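Structural description and commentary
The lines below spell out each chain.
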Amino acid sequence: MYRSNLPHVLSFINLKGGVGKTTTAVAVAEMLAHELRKRVLLIDLDPQTNATINLISEKRWDELDREGQTIAQLFEDKINLHRKPKFDVEKAIVRGVSTVDGGIARLDLLPSSIRLIDFEERIAMISYNPGFLISPLDVLRQALEPVLERYEYVIIDCPPSLGSVTKNGLRISTGYVIPTIPDIVSTWGIYQIVQNVRSFGARFGRVLEPLGIVATKVQRNNLHARVMEDLFHGRLGKFSEEGVPQPRFFKSRIPLAVDVARGGDADAGLRTLKSKYGIEAYEALHELALEIWALCEARCH
Ligand SMILES: Nc1ncnc2c1ncn2[C@@H]1O[C@H](COP(=O)(O)OP(=O)(O)O)[C@@H](O)[C@H]1O
Ligand SMILES: [Mg+2]
């Protein structure tokens, strides 16, 4: 059946912040690269740069930002056509990133910058530039074309919105993952995400469906247990009311763990993924990476 040498490209999306998108995206990328020995590129599309700072030192990031080798510069080059373009995907990609083990050999990063905030709203205007050559939603796709074949997986950490930057990520995505805290408020927007992304995909003649919903920052309390029970049985809010099938609920559930919260510190000097995440969260995140891998493999064969 369908087989190509292009990677699986997975966006991690939720309209809410603080639900573990970045943590889960980074960990899955690390697990795929280190434990499953896949060639992985992580793209940080969030101006908050949390994934970037999780994977490289602030010093390294600062250098790249000043040299204009971040996602922000990629968009700036397309917006300010009168300036000489600076972004060069080969220079921007940092190889062998992670705080673990002095870097993970197969894990690369395309870093973000806080300056991306300045461009989000201006991306749509790219199409008004005299002599523009590219659709505002194809900027990332075009930039990555020369490097995509090197990877088996591309993981995209998205900002908490479905704006132009996220859409640039979705444009190249083969699927997406919805991390959520299993409580009522956090699961509220999932139905909208699925509908919205589906119609975005349809605009390009593509089927763009979630691989699944993953419970993050899970605590041992009745509320979390009840919401996860509903998710497990496909009974999430509007999906069941409208009789639309709910996305799969991943078997793996990521516990709220103190080591995970600490893991974001790039200078912690950690030796293994087990010490970065703590054994319980390590096992859940490893399991999640295996579930994602199995689903992606099944799509190819
Ligand atoms: N499983 C977890 N256990 C403990 N803290 C977590 C966990 N997942 C995320 N966090 C913490 O919660 C905060 C928000 O997580 P983050 O991944 O940045 O969310 P998002 O990308 O959705 O905004 C961060 O401080 C992060 O360290
Ligand atoms: Mg984030």
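You'll find the structure just up there.
Residues numbered from 1 in each chain as written. Chains lettered and ligands numbered in written order. Predicted model: local features only at pLDDT ≥ 70, side-chain atom pairs only at ≥ 80, totals over all residues.

What follows is about the site of ligand 1. Every one of the 17 residues lining ligand 1 counts as a neighbour, but Lys-21, Thr-22, Thr-23, Val-260 and Ala-261 are closest to it. Broken down by secondary-structure element, the contributors of at least two residues to the shell around ligand 1 are helix H1 (21-34) and helix H13 (258-262). Residues that form the shell around ligand 1 fall into these classes: seven nonpolar, eight polar and two charged. (Near = placed C-beta within 6 Å. Helix = DSSP H or I, 4+ residues; strand = E, 2+ residues; numbered from the N terminus. Nonpolar A, V, L, I, M, F, W, Y, C, P; charged D, E, K, R; others polar.)

The next thing to look at is unusual backbone geometry. Positive phi is not limited to glycine here, since Thr-49 has a value of about 55°. Mapped onto the fold, Thr-49 is located in the loop between strand E2 (40-44) and helix H2 (50-55). You will see that Ser-98, though not glycine, has its phi angle at about 125°, which is positive. Assignment of secondary structure puts Ser-98 in the loop between helix H5 (89-92) and strand E3 (107-110).

Let us look at the packing of H1 against helix H15 (residues 279-300). At a minimum axis distance of 9 Å, the contact between H1 and H15 shows a crossing angle of 75°. It follows that H1 is roughly perpendicular to H15 by the angle criterion. Where H1 approaches H15, its residues Ala-27, Val-28, Met-31 and Leu-32 are matched on the opposing element by Leu-285, His-286, Leu-288, Ala-289, Ile-292 and Trp-293. Looking at the contact of H1 with H15 residue by residue, the classes come out as nine nonpolar, one polar and no charged. (Axes fitted to C-alpha atoms, helices over the stretch in contact; angles between N-to-C directions. Parallel < 35°, antiparallel > 145°, perpendicular 65-115°, else oblique. Contact = placed C-beta atoms within 7 Å.)

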